[in-house]
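# Structural overview
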Amino acid sequence: MEKQSILFVCLGNICRSPLVEAVARRRCAEAGLEVTLASCGTGNWHAGKGADPRMLRAAAAAGYDLSRHRARQVRPGDFDGYDWVLAMDEDNLEALLSMRRGRGAPAELFLPWAGVASPREFPDPYFGDSDGFRDSVALAERAVDGLIARLRGG
Ligand code: 4NP
């Protein structure tokens, strides 16, 4: 089977999508799945910056290292470079669909794509407290279980 590639997309690329990328990277390696994984944001405010320190801490507490992450903004060429472009929420998806204009990789909502029925959108922890960041890690792990099942299923 050809190596599959997935780009995870949120707004700032400092909280949700780098977390999902890191969880998926480790779990796919553990599962022996060869997948190319990356993340980016629809916005450019944090481009070049590291992950949000609160996300970095919550991820580290669960064993995921976000220290080397650097944020970048999505670009039209991404739709030619990945098999799937997966958005964390409806706003991100709308931005992606208007950039995609019907070409290249499909853009979909990440959680339903991964078989998570509820929630459909990955809650944005940025304006919340530390509980939100811990919840993000648990949700990312749950969704990545579904991602692995989907990739294994073909
Ligand atoms: P993310 O979280 O999209 O999960 O990386 C956010 C990061 C930054 C902002 C909002 C959400 N912001 O408004 O700067």
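Scroll up to find the structure.
Let me begin by describing the structure that accompanies this report. (Residues numbered from 1 in each chain as written. Predicted model: local features only at pLDDT ≥ 70, side-chain atom pairs only at ≥ 80, totals over all residues. Heavy atoms only, no water.)

Attention now moves to the site of the ligand. By nearness alone, every residue bordering the ligand is listed as Cys10, Leu11, Gly12, Asn13, Ile14, Cys15, Arg16, His46, Asp124, Tyr126 and Phe127. Between the ligand and glycine 12 there is a distance of 2.9 Å, counted from an oxygen atom to a backbone nitrogen or oxygen. In the model, an oxygen atom of the ligand is placed 2.7 Å from a nitrogen or oxygen of the arginine 16 side chain. When the ligand is considered free in solution it has 360 Å² of accessible area, and contact with the protein chains removes 90% of it. Of all the cavities here, the one that holds the ligand is the second largest pocket. Here the residues of the shell around the ligand sort into 6 nonpolar, 3 polar and 2 charged. (Near = heavy atom within 4 Å. Polar contact = N/O pair within 3.5 Å; in protein donor to acceptor, adjacent residues only side chain to side chain. Areas by Shrake-Rupley, 256 points an atom, 1.4 Å probe, with all protein chains shown as cover. 1 Å grid on protein atoms, 1.4 Å probe; cavity = no way out; pocket = protein on both sides within 12 Å on 5 of 7 lines; lining within 4 Å. Sits in = over half its atoms within 2 Å of the grid points. Nonpolar A, V, L, I, M, F, W, Y, C, P; charged D, E, K, R; others polar.)

Looking now at the sheet that holds strand S4 (residues 107-109). Judged by pairing direction, the sheet is parallel, and its 4 strands sit side by side in the order S2-S1-S3-S4 without closing on themselves. At either margin of the open sheet sits one strand with a lone partner, and together these are strand S2 (35-41) and S4. Strand-to-strand twist in this sheet, taken as the mean axis angle between neighbours without regard to direction, amounts to 25°. The sheet contact formed by strand S1 (residues 4-10) and S2 spans 7 bridges and is parallel. (Pairing = 2+ DSSP bridges. Helix = DSSP H or I, 4+ residues; strand = E, 2+ residues; numbered from the N terminus. Axes fitted to C-alpha atoms, helices over the stretch in contact; angles between N-to-C directions.)

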